[in-house]
Amino acid sequence: MTITKINMSQVDEIARNLGAAGIPPEFGVDNSRMLIKTWRKLALGNPVTMAEVGQISEDLEIPFGQVDEFLRGATERDSDDNIVGLMGLSLNSQWAHRFKVNGQTLRTWCAWDTLFLPAMVDSSVVIESEAPVSGTTVRLELRPKSTLT
């Protein structure tokens, strides 16, 4: 299998073009900071508990009600109300795209998610997905800009 390395400046350019088109939507400073902290917690490979959400709320000095309301519209939950998926990143194996980060294999909701999530979790990742026509595994490695050669 071949690993394709993409220069993060290419990903940055894609992100700028999508941003100019309004993708992803603007969530505001507080929700954006909270999303990043919650994605990074989820990227460790475990569900994010309500106690951890409360700690994120406290750390960022954002009212818990605001954090909880936003997250309820953007998450997958388990039977204990823990966050197991957040805006593209998931612990659930039902999703097609494998997203290997921090020694854990997570999943993403769609191919686009695999391109912006490495920046959100601030980690090197390996993405694997099967090509729909050939069934061949496509593998891509993305690293933070500072580690590219």
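For the structure itself, look to the data block above.
Residues numbered from 1 in each chain as written. Predicted model: local features only at pLDDT ≥ 70, side-chain atom pairs only at ≥ 80, totals over all residues. Heavy atoms only, no water.

Description of the pattern of salt bridges
Alright, step 1. Tallied over the entire structure, the rule returns 10 salt bridges.
Alright, step 2. A salt bridge links Glu52 to Lys41; the nearest nitrogen and oxygen atoms lie 3.9 Å apart. Of this pair, Glu52 sits in helix α3 (residues 50-60) while Lys41 sits in helix α2 (residues 29-42), and the two are 11 residues apart along the sequence.
Alright, step 3. Glu52 gets classed as partly exposed once you look at its relative accessible area, which sits at 25%.
Alright, step 4. When the shortest N-O distance is used, the salt bridge between Asp68 and Arg72 registers 3.2 Å. Linking Asp68 with Arg72, this pair stays in helix α4 (residues 64-72), spanning four residues, or about one helical turn. (Salt bridge = Lys/Arg side-chain N within 4 Å of Asp/Glu carboxyl O. Helix = DSSP H or I, 4+ residues; strand = E, 2+ residues; numbered from the N terminus. Buried < 20%, exposed > 50% of the residue type's maximum accessible area, 1.4 Å probe, protein only.)

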